[in-house]
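Okay, here's what each chain looks like letter by letter:
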Amino acid sequence: MSTSLDFNALKTRQQAAWASGDYAVIGTTLQIVGERLAEACDLRWDEQVLDVAAGNGNATLAAARRGCKVTSTDYVPALLKRGEERARAEHLSVDFQVADAEDLPFRNGAFDAVISTFGVMFAPNQAQAARELARVCRSGGRIGMANWTPQGFVGQMFKTLGRHVPPPAGALPPSRWGDEPQLREMFSGEIGSMTVSHELFNFRYRSASHFIDVFRTWYGPVHKAFAALEPEAARALEDDLTELLNENNIGGASLVVPSEYLEVVIVRR
């Protein structure tokens, strides 16, 4: 019997997860990461910029605010609609297109910069997604990413979810994109230069139970994990997430949990 991973089946499953809940509720809190990445990439007026797995458009808006000609893509149409609403509210001109990070419908070298914040790292076929980012970026252009690290809070949260709802056999963890040696391997042969910075994003909520409430309701992977469990098993997951949150809380009576991510800028050779 073949043990090869069915990427299409996994993608369908992931797409359903991200379409559940409403990621935009979480995504809007991460806006500062898109702004930081736009600066790290030194985005310029009139540059052609592609946001891959854009979600509700944090990096998209950051690039558009800097005068770039932005194409915003995701494989969840409802999330693109939320990004479109935000762009319209700010009177920003952005082209929104449904597209798969592993099969981007653009010509080779079409963009001056290709960016993604906590998006492309969740593509099931990681090698193919990396090839596509590099393919559509021109020589000398920039590939900019913000990726959660394995050791950071979000990386640990996904490990906790995986202990309760195991991922498909053979699926690679998204946090590989937050590991510099793994990234260098993924983009081998495409890197002119690569700048990596370890950054922190602070999740700010009323308490651990408030965080779990919000993520259980709106954040697709957590929403789906709880939905897959019987009540007793769901309580065990909640207990483990509560412990993880409280261990990482630096806010005292309120919840402030720093989560490490890798800010990456690759200049394509």
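Here, every reference points to the structure presented above.
The shown structure was predicted, so the numbers you read here are calculated from the model rather than taken from an experiment.

### Thoughts on helix α9 (residues 208-218)
Then, number 1: Within α9, the full set of buried residues consists of Ala 208, Phe 211, Ile 212, Val 214 and Phe 215. When α9 is viewed along its axis, its buried side chains cluster within an angular range of 165 degrees and face the same direction.
Then, number 2: As for α9, its buried residues are in contact with α2 (23-27), α7 (153-164), β6 (191-205), α10 (220-227), α11 (231-248) and β7 (255-268).

### Focus: the pairing of strand β1 (residues 48-51)
Then, number 1: Pairing geometry for β1 and strand β2 (residues 69-74), over four bridges, is parallel. Pairing of Val 49 across the sheet is with Val 70, part of β2.
Then, number 2: Remark: the β1/helix α4 (residues 58-65)/β2 crossover connection has right-handed handedness.
Then, number 3: Looking at chain direction, β1 and strand β4 (residues 111-117) are connected through three bridges and run parallel.

### Let's talk about the packing of helix α1 (residues 7-19) against α10
Then, number 1: Where α1 meets α10, the axes come as close as 7 Å, and the angle between the chain directions of the two elements is 100 degrees. In this view, α1 runs roughly perpendicular relative to α10, as classed from their interaxial angle. Packed against α1, whose contacting residues are Ala 16, Ala 17 and Trp 18, the element α10 presents Gly 220, Pro 221 and Lys 224 at the interface.
Then, number 2: Counted by class, the contact of α1 with α10 contains four nonpolar, one polar and one charged residues.

Rules and cut-offs
- Once a new chain begins, its residue numbering starts again from 1 and follows that chain's sequence as written.
- Only residues with pLDDT of at least 70 get local features here, since the model is predicted, and only at 80 or more are side-chain atom pairs given and counted; chain-wide, interface and lining totals rely on the full set of residues.
- Computation of side-chain values covers all heavy atoms of the structure but excludes hydrogens and water.
- Working definition: with a 1.4 Å probe on protein chains only, accessible area under 20% of the residue-type maximum means buried, over 50% means exposed, and in between means partly exposed.
- Per the convention used, a helix needs a DSSP run of H or I reaching at least four residues, while a strand needs a run of E reaching at least two, with both numbered from the N terminus.
- What the arc covers is the set of directions going from the helix axis to the C-beta atoms.
- Pairs of residues are marked as contacts when any of their non-hydrogen atoms sit within 4.5 Å.
- A pair of strands is treated as paired once DSSP finds two or more bridges between them.
- The crossover handedness rule: strands pointing away from the viewer, path from first strand over the helix to second strand clockwise, crossover right-handed.
- Here the axes come from fitting lines to C-alpha atoms, over the contacting stretch only for helices, and the angles between their N-to-C directions go from 0 to 180 degrees.
- Orientation labels follow simple angle bins: below 35 degrees gives roughly parallel, above 145 gives roughly antiparallel, 65 to 115 gives roughly perpendicular, and whatever is left gives oblique.
- Classes in brief: Ala, Val, Leu, Ile, Met, Phe, Trp, Tyr, Cys and Pro nonpolar; Asp, Glu, Lys and Arg charged; the others, Gly included, polar.

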